[in-house]
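Residue-level structure breakdown
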Amino acid sequence: MSKNQKTVMMIGGGIQEIKAVEIAQSAGYKVLVTDRNKDAPCFPSADYIAKIDGRDIEGLIAYTLLNKEKLNIAGVFTLTELVTSVAAVATACNLPGVPLESAVKCQNKALGKNIWTRDQIPTPKGRVVRMIEEAKLLFNELNKKAFVKPLVGFGGIGACKIVSEEDIDKLFLEKNIQELLMEELVDGTMHDVNAVFDTNGEFVPLGCFDRFFDNDYPVETGAMYPSQLSKEDISNAYELTKNAAIALGINWGPVKSDLVLTKDGFKILEMAPRLHGPKGTLWLSAMSGVTNHLENALGIITGDESLTESFKEPRNISIYKAIQSNIG
């Protein structure tokens, strides 16, 4: 290894992240991949590997401290939900990163919702419910159309529409749910934003996607990049993403937001201090003829002074559609 060649650490090495390893390597970095699976799909492509559970924060920090100098580890990131682990490693190992508190505020939907509501950041109305009676009361307040999700989720698991009190009974009685976030079910189109705050805290847009979901389940059925929204709407999507991030204490590094465009404008559903998953960040943007979003952010993640390349408008439109099974 070249004495000055930097290593970037990626927490979570599933099959979809293989492209991320290739992108980082092509940008001139060595790549350290950590994963709980000894046969993680990314391991064969990585320069260095460590079998550590992505939620084992103590193990990740210890490994990084022991190997930071030897491997010249300059930055850490994830394309999964493990942003709290990333922030903890960055904090403990003196690597570029967001405050640990901010990562937790992103991951815990109740914390984020409370802050956005307090700061008048547009977001669907809702709150945490802990008892079946409380859930039914809020359900009625929301005109009997609601969406519920775990306070800390992973890839949409446990999220669902609620359209009757019988749905609430199933959650609290059959599934023995203890608490969840219930919010109004808003009508509108779904959109994602990728962006990055540079080392000076300047907000830099990286791309806006249009997303499509199943009518009955929170399952993505397709996406399009770049967004077909008007320039004004896209500008508003970036502005909301920036304001929502700053409200959570984030003014450095990659950020992604999940937005819904209603008749009253955009509302933010979720945010995380990372880029979107592989389908958007690694594939859609690259297929549209622009520098890959991850490649664009690597310079910030590893503490360089500028982006790898300034953002360019896409030359092509890229679309994907999910092939869904009929198996229930």
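These figures come from a predicted structure and were not determined experimentally. (Residues numbered from 1 in each chain as written. Predicted model: local features only at pLDDT ≥ 70, side-chain atom pairs only at ≥ 80, totals over all residues. Heavy atoms only, no water.)

**Here's the deal with the packing of helix H2 (residues 57-71) against helix H3 (residues 83-92)**
Under the convention used in this document: An axis is simply a line fitted to the C-alpha atoms; with a helix, the fit covers only the stretch in contact. Between two such axes, the angle follows the N-to-C directions and lies from 0 to 180 degrees. Segments assigned H or I by DSSP are reported as helices when at least four residues long, segments assigned E as strands when at least two residues long, and all are numbered from the N terminus. Oblique is the label for any angle not under 35 degrees, not over 145, and not in the 65 to 115 range, which are roughly parallel, roughly antiparallel and roughly perpendicular in turn. Crossings are classed by handedness, with left-handed meaning an anticlockwise turn of the near helix from the far one by less than a right angle and right-handed meaning a clockwise turn. Residues count as neighbours in contact if any of their non-hydrogen atoms are within 4.5 Å of one another. All amino acids are sorted into three groups, where Ala, Val, Leu, Ile, Met, Phe, Trp, Tyr, Cys and Pro are nonpolar, Asp, Glu, Lys and Arg are charged, and the leftover types, Gly among them, are polar.
Axis separation between H2 and H3 bottoms out at 9 Å; the angle between their running directions is 40°. In this view, H2 runs oblique relative to H3, as classed from their interaxial angle. When you trace H2 past H3, the crossing you get is right-handed. For the pair formed by H2 and H3, the contact residues are Ile-57, Leu-60, Ile-61, Thr-64 and Leu-65 on the first element and Thr-84, Ser-85, Ala-88, Val-89 and Ala-92 on the second. Here the residues of the contact of H2 with H3 are counted per class, giving seven nonpolar, three polar and no charged.

**Notes on the sheet that holds strand S7 (residues 160-162)**
Heads up, the rule is: At least two bridges found by DSSP between two strands is the condition for calling them paired.
A sheet is described by the order of its strands in space; here four strands give the open sequence S5-S8-S6-S7, paired in antiparallel fashion. The sheet is open, and its two borders are formed by strand S5 (126-129) and S7, each paired with just one other strand. Each strand of the sheet is rotated relative to its neighbour by a mean of 30°, with strand direction disregarded. Sheet contacts for helix H6 (residues 132-141): S5, strand S6 (146-149), S7 and strand S8 (180-184); angle to S5, the most-contacted strand, approximately 165°.

**Focus: the sheet that holds strand S1 (residues 7-11)**
What the four strands build is an open sheet, ordered S3-S2-S1-S4; its pairing is parallel. Of all strands in the sheet, those with a lone pairing partner are strand S3 (48-51) and strand S4 (73-77), marking the two edges. Direction aside, neighbouring strands of the sheet carry axes that sit 20° apart on average. Of the strand pairs in this sheet, S1 and strand S2 (residues 30-35) are connected by five bridges, and their pairing is parallel. From the neighbouring strand, Met-9 faces S2, where its bridge partner is Leu-32. Set on the sheet, helix H1 (residues 18-26) makes contact with S1 and S2; between it and S2 the angle comes to about 155°. Relative to S4, helix H10 (residues 293-301) is tilted by about 130°, and along the sheet it contacts S1 and S4.

**Looking at the pairing of strand S12 (residues 253-262)**
We count it as follows: Exposure is judged per residue with a 1.4 Å probe applied to protein chains only, and the accessible area is read against the type maximum: over 50% gives exposed, under 20% gives buried, and values in between give partly exposed.
Across the 10 residues that make up S12, a large majority, 10, are buried. Across nine bridges, the pairing between strand S9 (residues 189-197) and S12 is antiparallel. In the sheet register, Val-193 faces S12, and the bridge partner there is Ser-257. Pairing of S12 with strand S13 (residues 265-272), which is carried by seven bridges, proceeds in the antiparallel orientation.

**A short note on the pattern of salt bridges**
So the rule is basically this: Throughout this description, the term salt bridge denotes a Lys or Arg side-chain nitrogen within 4 Å of a carboxyl oxygen of Asp or Glu.
Under the definition given, this model contains 19 salt bridges. Here Arg-127 ties to Glu-141 by a salt bridge, and the two come within 3.4 Å at their closest N and O atoms. Here Arg-127 is found in strand S5, whereas its partner Glu-141 is found in helix H6, with 14 residues between them in sequence. Exposure remark for Glu-141: the relative accessible area of 44% places this residue in the partly exposed category. Close ionic contact of Glu-184 with Lys-267 constitutes a salt bridge, the shortest N to O distance being 3.5 Å. Of this pair, Glu-184 sits in strand S8 while Lys-267 sits in strand S13; the two residues are 83 residues apart in sequence, bridging distant segments of the chain. Residue Glu-184 shares its accessibility class with Lys-267, and that shared class is buried. One connected set of salt bridges, linked through shared partners, spans Lys-113, Lys-149, Glu-183 and Glu-270.

**Digging into H2**
Spacing of three or four residues puts side chains on the same side of an α-helix, whose turn is 3.6 residues. Heads up, the rule is: In a helix, the anticipated span is given by 1.5 Å times the number of residues less one. Two axes enter the definition of the bend at a residue: one is fitted to the seven residues ending there, the other to the seven starting there, and the bend is the angle between them.
Between the first and last C-alpha of H2 there are 19 Å, a value that for 15 residues agrees with the 21 Å anticipated at 1.5 Å per step. Maximum bend of H2: about 35°, positioned at Leu-65. Contact partners of the buried residues in H2: S1, S2, S3, S4 and H3. After H2 finishes, the residue Asn-72 shows a positive phi value of roughly 55°.

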